[in-house]
Amino acid sequence: MVFFISCKEDKKEVLEKDVAIVEEPKDVYEFGFNLNDYVVKRDTVKSGESFGQILEQNKIGYPKIYHIAEKTKETYNIARFFQAGKPYAILCSKDSLELPESFIYQPNKEEYVVINFKDSIHAFKSRKPITYVEKTVTGVITSSISETLDQKGVSAVLTNKLADDIYAWTIDFRRLQKGDRFKVIYTDKYIDDSIYGGIHDVKAAYFEHNKEPFYAFQFETDSVKGIIDYFSEEAKNLRRAFLKAPVKFSRISSRYNLRRRIAVYGYKVRAHKGTDFAAPIGTPIMATANGTVTKSERRGGNGNYVKIRHNATYETQYLHMKKRKVKVGQFVKQGDVIGWVGMTGNTGGPHVCYRFWVNGRQVDPFKQKLPEAKPISDSLKVKYLEFIKPVKIQLDSIPFDEEVVEENLKENLITQNF
Ligand SMILES: [Zn+2]
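Residues numbered from 1 in each chain as written. Predicted model: local features only at pLDDT ≥ 70, side-chain atom pairs only at ≥ 80, totals over all residues. Heavy atoms only, no water.

Residues other than glycine seldom take positive phi values, yet K59 does so here, at roughly 70°. The residue K59 is located in the loop between α2 (51-57) and α3 (62-72) in this model. Its identity as a non-glycine residue notwithstanding, D193 has a phi of 65°, on the positive side. Mapped onto the elements of the fold, D193 is located in the loop between β9 (181-191) and β10 (195-209). (Helix = DSSP H or I, 4+ residues; strand = E, 2+ residues; numbered from the N terminus.)

Quick look at the structure:
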């Protein structure tokens, strides 16, 4: 017994010795330097402060400052990019002199510039190591998507990515319905493993709008040009441009023309802010893009007409219908029939007058730069469908929050029953 105790005490002594050794400073690497080898002075550039002034305050004489600036100008013109509010660090010798040996400037969170002037003068630009962390988020819309994401502590950038990049042509985010829900797989960026660098990318998303599912998968269609787009589970490009015409097999009988002169009006200028597509009475009229019906009525020269809002920017309008098929507030998809060609209102023959609104102004849709919807090539489609298989499984297996709650309730009930 005694032997045992003494042995234990021995061990304790050894441990204490170990602790003493550990007290030596640990190596701290940043910017490619072991910061323990230096006296590190960190600060941010003050308003009106120059690179030269800072060096001068740190015991570097003017001739050397001039020399440093001249020699590093080619690699990094620090005088030109020097900006108030940006952080910098000066690495000084770890002796009584504390002479500056390197100057590190951080023009942004990710990049840094090192100017060495201990022995030889040289500068180089580098990046901090970046790591990406995959995350998922789900939510149910109660008022807006930004509010839902905000409650979850997810950056508003994700809202923008979903609304402007991914679903801009599929879902009008200004008209989401209560109960619409979503799942997103995205990546967060971290600089130096610790600094949050924001949302990097959205890998895949699922959005249930008006009970309809909309999948979006990120896919690189051109690795040379680095073209990345989002496609549906059926490989359809989500960046759908508007249909060229609201009616099939039609011809344009009159184009958008602000200086049109018409015989019946005594050849006075009567601007035509639409494009007329002549087609037989009863021809189905289609919504040219997904959206929500904002007008469906018979009024004056317009006759029977429908107006659709597609997103914050675009609206389309369809005039002179024989009959309307949609109601205000109704969500329509691109290609859905919204009415039939007729001759109601001011018209000399059966046609649909198609009007295209951008930010509340009527414009010529044929002169608009609308986002191209490039279909995926057949050979790539096979590759794409293979690629999304595991991603879709991953997406589908993420439970919605309320499902988790329901599961917990079920479990609780079961526990109570037993
Ligand atoms: Zn017209």
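Continuing now.
This brings us to the sheet that holds strand β11 (residues 212-222). Hydrogen bonds between backbone atoms are what pair the strands of a sheet, whose relative direction is either parallel or antiparallel. Across the sheet, which stays open at both edges, the 5 strands sit in the order β8-β9-β10-β11-β12 with antiparallel pairing between neighbours. Each edge of the sheet is formed by a strand with only one pairing partner; in this case those strands are β8 (130-140) and β12 (227-231). Direction aside, the axes of adjacent strands within the sheet are offset by 25° on average. In terms of strand pairing, β11 meets β12 through 5 bridges, oriented antiparallel. Counted as the bridge partner of F217 is F231 from β12. Sheet strands in contact with helix α6 (residues 157-166) are β8, β9, β10, β11 and β12, and its direction is about 50° off that of β10. Each of β8, β9, β10, β11 and β12 is contacted by helix α7 (residues 378-396), which is oriented at about 130° to β11, the strand it contacts most. (Pairing = 2+ DSSP bridges. Axes fitted to C-alpha atoms, helices over the stretch in contact; angles between N-to-C directions. Contact = heavy atoms within 4.5 Å.)

With respect to the secondary-structure elements, S232 resides in the loop between β12 and β13 (251-254). Setting aside residues up to four positions removed in sequence, S232 forms contacts with Y215, F217, L238 and Y384.

Moving on, we get to the sheet that holds strand β3 (residues 38-44). One open sheet accounts for 5 strands, arranged β3-β4-β5-β6-β7; its pairing is antiparallel. Strands at the two margins of the open sheet, each flanked by one partner only, are β3 and β7 (122-127). Between one strand axis and the next, the sheet turns through 20° on average, direction left out of account. Bridging between strand β4 (residues 87-93) and strand β5 (residues 100-105) involves 5 bridges; their strand directions are antiparallel. Along β5, the bridge assignment pairs L91 with S102.

This paragraph deals with the coordination of the zinc ion. Every protein donor of the zinc ion is accounted for by H272 (NE2), D276 (OD) and C353 (SG), and the metal-donor separations fall at 2.0 to 2.2 Å. Of note, the donors binding the zinc ion are all from one chain and are spaced H-x3-D-x76-C. Note that D276 is positioned in strand β16 (residues 275-278) and C353 in strand β23 (residues 351-358), a separation of 77 residues in sequence. Exposure remark for C353: the relative accessible area of 2% places this residue in the buried category. (Donors = N, O, S within 2.8 Å, 3.2 Å for Na, K, Ca; no water. Buried < 20%, exposed > 50% of the residue type's maximum accessible area, 1.4 Å probe, protein only.)

What follows deals with the pattern of salt bridges. In a structure, side chains of opposite charge can pair up when their charged atoms sit close to one another. A complete count under the given rule lists 19 salt bridges for this structure. Between K73 and E70 there is a salt bridge, with the nearest N and O atoms lying 3.4 Å from each other. Taking the relative accessible area as the measure of exposure, E70 reaches 37% and is therefore partly exposed. Across the pair E315 and R309 runs a salt bridge, and its minimum N-O distance is 3.2 Å. Grouping residues by exposure puts E315 and R309 together as buried. Here the salt bridges do not stand alone but share partners, grouping E110, E111, K125, R127 and K189 into one network. (Salt bridge = Lys/Arg side-chain N within 4 Å of Asp/Glu carboxyl O.)

Our next topic: α6. For α6, the set of buried residues is L158, T159, K161, L162, A163 and I166. Each element contacted by the buried residues of α6 is listed here: β8, α5 (145-151), β9, β10, β11 and β12.

What follows is about the environment of A69. Position of A69 relative to the elements: it lies in helix α3. Once the C-alpha coordinates of A69 and I121 are considered, the two residues, 52 residues apart in sequence, prove to be 9.4 Å apart.

Applying the stated criterion across every chain, the model contains 25 aromatic pairs. With a centroid separation of 5.2 Å and an interplanar angle of 35°, the aromatic rings of Y76 and F81 are classed as tilted. According to the relative accessible area criterion, Y76 is buried, its value standing at 5%. Summarising the aromatic geometry, the rings of Y318 and Y354 are spaced 5.4 Å apart at their centres and angled 40° between planes, so their arrangement reads as tilted. Of the two residues, Y318 sits in strand β20 (residues 314-324) while Y354 sits in strand β23, which places them 36 residues apart along the sequence. The class for Y354 is buried, based on a relative accessible area of 1%. (Phe/Tyr/Trp six-rings, centres within 6.5 Å; stacked < 30°, edge-to-face > 60°.)

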